[in-house]
Amino acid sequence: MPHHHRIAIGSCSHPSLPQPLWKIIHARRPAAFIWGGDAVYSDRFAGRNWTAVGLHRVAHENDDNNNSNNNNNDPSSPNHHHAHARSTGKKKNNGGGWRMTFPPPSIHVEATPDVIQSWYEEQWDVDDYRRFVEGWYDDVGDDDDRQYQQQQKQQQQLTRPIVFGTIDDHDYGQNNGDITYQYKRESNLAFIDFMYSGVDDAGESNSCAQDVDESNQYNGVCESSQDESNSPKKVVYEDNNNPNQLHEFQTKRRSKSNDPMYQRALEGKGVYGVSLFDFSRTKRSRQSSEELKNDSILWGGGYWVPDEDAMIDPDIISRTNIEEPFDETDINYSTTHSVAIFALDVRSNKTPWSKGKQTSTHNTHNEGSTSTPSNNNTSSSSIIHTPALDFLGQHQWEWFQKALSNSYATVNIIVSGLQFHPERFPNDGNVIEEWSKFPRARQMIYDMILNSGANSPMLVSGDVHMAQFMRKDCVRSSDIMYADADDAGDTATSFKANAQQRPYRPRPLVEITTSGMTHSWGTSFSSQPRNHRLPLKLYTYFVSPIFMTICHYVCPWNDILILTEDDGKRENEERGAASPQDGEVREEIVRGGRVGMQYYLGLNFAEFEFEFDSNDDDDTIGGGDGGGAVTVRIFGKEANNAPPKLETRWTFDQLSGNTDLPGTTAKLRDFVNAGNVEYYPNSNNARSEHEWICVPHRGLASVYHEYAANIMMFFN
């Protein structure tokens, strides 16, 4: 039976609503499940603020308040014009701008710590979720050692998925939550406790674990007795890509007290962290029966790498005498078969949205200037100045920059509760939250990711109660060649050739949004249980899908992927060109999903399945040819091996910008016009090699299209 290297991600789950997806996730047997925010809904809806509806004049924040070295005005307030706006060539008056507020913002009662804890307990009591977290027993039919097969069957090796992730506003406890929430520390700790549900007592339970077969039916299998000792057990592994190389790996029991994310939550810094999976590791222990019995849990299918072995988290490294940057001898995992997942907290340190005519002034850090992120293989010691309007906070920015530089994983997935790429109407963060509402912060994270040298970066988000595949193409602002070196206007003539004099290649940055495990735009976008019961269900289940379908075809959302029949043929060609593993016969890809615009409105979760090139035998830093690919699927609630609703595939080289990723129609003028927008840090002379200009891969929409679509949506 082939090994499936899978990770599942989902968000927006209300414990009081039906949860049909867990049996499907269980049957797919991912190494991990990543919460993308809103694991529960702890705050309480109390109506809508109709007095906020209307057109409001809102002042822009001034960057110069606490940073005299920065001469740029900060247009990052939520009323700032979309990134598609064209520069007038004149410095705008800092007097402010207009912001439309509609529909009316919702009013929510903030949750207390007891309420948050009770909701997490209710989610843990969902049978299908708990059974998934409790794990399953590994298949052993593909092992060629019959004696080992029989031994493992007798001892019942238990596999448990790693549960990891981050928060959004509703599990945080405050709708549109931010740094002002009085229970943020208690909320952070409650989330960590929830992620470790059933973990600390994993060695004490003698109950029966529940497995699930391909028809999504549970089969009870009694768990063998487990060693309660916290001492690590040495288990011998071998790399798939180098059968002659054996190494020892410590199978360490997961411990909340040793988790750096827990330590940061205790200190009130938020819930953010990184988790590493090395898919080159295959259990082939030749242990005695007693030793195998004691090693009764394979965390993450045996692929999970403990933080102290991964050495990516800067707070872990600070406890050691290891100095950065790392060299080859410091890396204890495969650099050609590994996946790092970064979970960012966009709530605990977020600046509040502007209310009415007020500007957002709550900021405890330096304002205005962006960072100058260092490249990979550096110490990442450059000073970071957080923007005045921010999502992450000073410590998290510094942590993320260093962690990215420490990662030599094959794929690096960055998870945020809010969407990165979209710039949706209305431009009021009180109504629609997304990174674009704080443009300087979003520009900063784009620059940090693309400058880090991290391999195959992928963005993942939740929040919006639907699934979308999106893509932006990015170029360094210094790589645009202008007719006049002193003019950064519309006189660009071409992109600069690289050192090999090859045609310039924009770098893709993809985003996968998966949101809506219990409620979505295909059912009712609302999380309130009453909207999922009669009589309101008749209205909400009819209006929600119609409205959002119209939005996708009327609004200029040029970041959303459009796939064609030719894309399936191209994937077959790419897969056929890859070298098959020993004895493997390449079969034609049977694409799931659909052609056309890549969105899905029903209940959903995402699955990432990784294919690693067996020819990448050189497992050192920079070793191998970077071969392999990731297939991303969006599954709905249909069981019995139903095909995915959406599916696409990218090679690692495409995600890293090493080879072309077909589908872009963005033109040079799109990058120039986007680079002229006032919030770019160096817009008056955009030449910095550290600044990137990212535009939707289908180009910028016209201003007239935007205005027309926004007016239509307003009256719709």
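As the structure is a prediction and not an experimental result, all values here were calculated from the model. (Residues numbered from 1 in each chain as written. Predicted model: local features only at pLDDT ≥ 70, side-chain atom pairs only at ≥ 80, totals over all residues. Heavy atoms only, no water.)

Novice: Is there a simple way to think about the overall build of the protein in this case?
Specialist: The helix and strand tally for the protein stands at 17 helices and 31 strands. Scored against the burial criterion, the 716 residues of the protein give a buried share of 58%. Considering only contacts in the protein between residues 6 or more positions apart, those separated by 24 or more positions represent 79%. Of the roughly 28,200 Å² of accessible surface on the protein, a fraction of 48% belongs to carbon and sulfur atoms. (Helix = DSSP H or I, 4+ residues; strand = E, 2+ residues; numbered from the N terminus. Buried < 20%, exposed > 50% of the residue type's maximum accessible area, 1.4 Å probe, protein only. Contact = heavy atoms within 4.5 Å. Areas by Shrake-Rupley, 256 points an atom, 1.4 Å probe, with all protein chains shown as cover.)

Novice: What am I meant to see in helix H3 (residues 127–134) here?
Specialist: What H3 keeps buried is the set Asp128, Tyr129, Phe132 and Val133. For H3, the arc enclosing every buried residue in end-on projection is 135°, short of the 170-degree limit, so these residues lie on one face. Once H3 finishes, Gly135 follows within two positions and takes phi at roughly 100°, a positive value. (Arc of directions from axis to C-beta.)

Novice: So what exactly am I meant to see when it comes to the sheet that holds strand E2 (residues 32–36) here?
Specialist: Sheet strands pair by backbone hydrogen bonding; their relative direction is either parallel or antiparallel. Judged by pairing direction, the sheet is mixed, and its six strands sit side by side in the order E9-E2-E1-E28-E29-E30 without closing on themselves. With one partner strand each, in any of the chains shown, strand E9 (162–166) and strand E30 (646–651) form the two edges of the open sheet. Taking the axes of each pair of neighbouring strands and ignoring which way they run, one obtains an average angle of 20° across the sheet. In this sheet, strand E29 (residues 628–635) lies alongside strand E28 (residues 605–612) in antiparallel orientation, the contact comprising eight bridges. Note that in E29 the partner of Glu609 across the bridge is Thr631. (Pairing = 2+ DSSP bridges. Axes fitted to C-alpha atoms, helices over the stretch in contact; angles between N-to-C directions.)

Novice: Explain helix H13 (residues 536–554) here, please?
Specialist: Helical geometry: 3.6 residues make up each α-helical turn, so side chains three or four residues apart lie on a common side. Over its 19 residues, H13 runs 27 Å from end to end, which matches the ideal 27 Å to within 8%, given 1.5 Å per residue. Among all positions in H13, only Thr540, Ser544, Pro545, Met548, Cys551 and His552 are buried. Seen along its axis, H13 keeps its buried residues to an arc of 130°; they face one direction. Counted as exposed and oriented over 90 degrees from the buried face of H13: Leu538, Tyr539, Phe542 and Tyr553. (Expected span 1.5 Å × (residues − 1).)

Novice: Even after reading the chapter, I still don't get the packing of helix H2 (residues 113–124) against helix H6 (residues 184–195), so can you show me in this structure?
Specialist: Orientation of H2 relative to H6, taken along the N-to-C sense of each, is 15°, at an axis distance of 10 Å. Compared by their axis directions, H2 and H6 come out roughly parallel. Classified by chirality, the crossing of H6 by H2 is right-handed. For the pair formed by H2 and H6, the contact residues are Pro113, Ile116, Gln117, Tyr120 and Gln123 on the first element and Glu186, Ser187, Ala190, Phe191 and Phe194 on the second. Residue composition of the contact of H2 with H6, grouped by class: six nonpolar, three polar and one charged. (Parallel < 35°, antiparallel > 145°, perpendicular 65-115°, else oblique. Left-handed = near helix turned anticlockwise from the far one by under 90°. Nonpolar A, V, L, I, M, F, W, Y, C, P; charged D, E, K, R; others polar.)

Novice: Before we go on, may I ask you to explain unusual backbone geometry in this structure?
Specialist: Residues other than glycine predominantly adopt negative phi, and peptide bonds predominantly adopt the trans conformation. Across the junction of Leu534 and Pro535, the peptide omega takes the value 5°, indicating a cis bond. Examined against the element boundaries, Pro535 turns out to sit in the loop between strand E24 (507–513) and H13. We note that Met311 has phi near 55°; this positive angle belongs to a residue other than glycine. With respect to the helices and strands, Met311 occurs in the loop between helix H9 (307–310) and helix H10 (314–317).

Novice: It is not clear to me how the pairing of strand E1 (residues 6–10) should be interpreted in this structure. Could you clarify?
Specialist: Along a regular strand, successive side chains alternate from one face of the sheet to the other. E1 sits mainly inside the fold: five of its five residues count as buried. Neither face of E1 is exposed, since Arg6, Ala8 and Gly10 on one face and Ile7 and Ile9 on the opposite face are all buried. Note that E1 and E28 share four bridges and pair antiparallel. For Ala8, the partnering residue across the bridge sits in E28 and is Glu607. In the sheet, E1 pairs with E2 via three bridges, with the strands oriented parallel. Directly across from Ile9, in E2, lies its bridge partner Ile34. The parallel pair E1 and E2 is bridged by helix H1 (residues 22–28), and the resulting crossover is right-handed. (Right-handed = clockwise from strand over helix to strand, strands pointing away.)

Novice: Mind showing me how you'd approach a nonpolar patch on the surface here?
Specialist: Residues Phe542, Ile546 and Ile550 make up a contiguous nonpolar surface patch of roughly 270 Å² in combined accessible area. Here Ile546 is to be found in helix H13. (Patch = residues over 30% accessible without salt bridge, like charges linked within 9 Å, V, L, I, M, F, W, Y side chains within 5 Å. Salt bridge = Lys/Arg side-chain N within 4 Å of Asp/Glu carboxyl O.)

Novice: Sorry if this is basic, but what is going on with the environment of Asn332 here?
Specialist: In this structure, Asn332 sits in the loop between H10 and strand E18 (338–343). For Asn332 and Asp278, which are 54 residues apart along the polypeptide, the C-alpha to C-alpha distance reads 9.6 Å. In this structure Asn332 touches Arg281 and Asp309, once residues within four positions along its chain are discounted.

Novice: What am I meant to see in the packing of aromatic side chains here?
Specialist: Using the criterion set out here, one finds 34 aromatic pairs in the structure. When the ring of Phe277 is compared with that of Phe279, the centres are 6.4 Å apart and the planes differ by 20°; the resulting orientation is stacked. Across this residue pair, the class does not change: Phe277 and Phe279 are buried. Between Trp521 and Phe525, the aromatic rings sit 4.7 Å apart at their centres with planes inclined by 20°, giving stacked as the arrangement. Accessibility expressed as a relative area gives 14% for Trp521, which makes it buried. Every member of this aromatic cluster is reached through a ring pair, and the members are Trp22, Phe33, Trp35, Tyr120, Trp124, Tyr129, Phe132, Trp136, Phe191 and Phe194. The aromatic ring of Trp557 is capped on one face by Arg424, whose charged end is 4.3 Å from the ring centroid. Sitting above the plane of the Tyr599 ring, Arg594 keeps its charged end 4.8 Å from the centroid. (Phe/Tyr/Trp six-rings, centres within 6.5 Å; stacked < 30°, edge-to-face > 60°. Lys NZ or Arg CZ within 6 Å of the ring centre and 35° of its normal.)

Novice: Help me understand the nonpolar core, please; the structure alone is not making it clear to me.
Specialist: If you look at the biggest cluster of nonpolar residues, it comprises 79 residues, and the most contacted ones within it are Phe277, Ile413, Met458, Ile512, Phe608 and Phe610. Broken down by element, this core gets its largest block of residues, six residues, from H6. Core analysis: the next-biggest nonpolar cluster, separate from the first, contains 42 residues, Ile312, Phe438, Met444 and Leu450 among them. (Core = buried A, V, L, I, M, F, W, Y, C linked by side-chain atoms within 4.5 Å.)

Novice: I keep staring at the state of the cysteines and nothing clicks. Help me out?
Specialist: Counted by the stated rule, this structure contains one disulfide. Here Cys474 connects covalently by a disulfide to Cys694, the sulfurs 2.1 Å from one another. Because the sign of the S-S torsion sets the handedness, a value of about 110° for the bond joining Cys474 and Cys694 places this disulfide among the right-handed ones. Taken together, the positions of Cys474 in strand E21 (residues 467–476) and Cys694 in strand E31 (residues 692–696) put the pair 220 residues apart, joining distant regions of the chain. The two residues Cys474 and Cys694 agree in class, both being buried. (Disulfide = S-S within 2.5 Å.)

Novice: Honestly, the sheet that holds strand E7 (residues 136–137) in this entry has me stumped. Any pointers?
Specialist: Taken together, three strands build an open sheet; the order of strands is E7-E8-E16 and the sheet is mixed. Here the strands that pair on one side only, and so sit at the sheet edges, are E7 and strand E16 (297–299). Note: E7 against strand E8 (residues 158–160), two bridges, orientation antiparallel. If you follow Tyr137 over to E8, its bridge partner there is Leu158.

Novice: Looking at this structure, how should I read the pattern of salt bridges?
Specialist: Pairing is possible between side chains of opposite charge, provided their charged atoms come close. Overall, the coordinates contain 23 salt bridges when judged by the stated rule. The partner of Arg264 in a salt bridge is Asp315, with the nearest N and O atoms 2.6 Å apart. On the criterion of sequence distance, the pair formed by Arg264 in helix H7 (residues 260–266) and Asp315 in helix H10 is long-range, its members being 51 residues apart. A residue is classified by how much of its surface remains accessible, and Arg264, at 2% relative accessible area, is buried.

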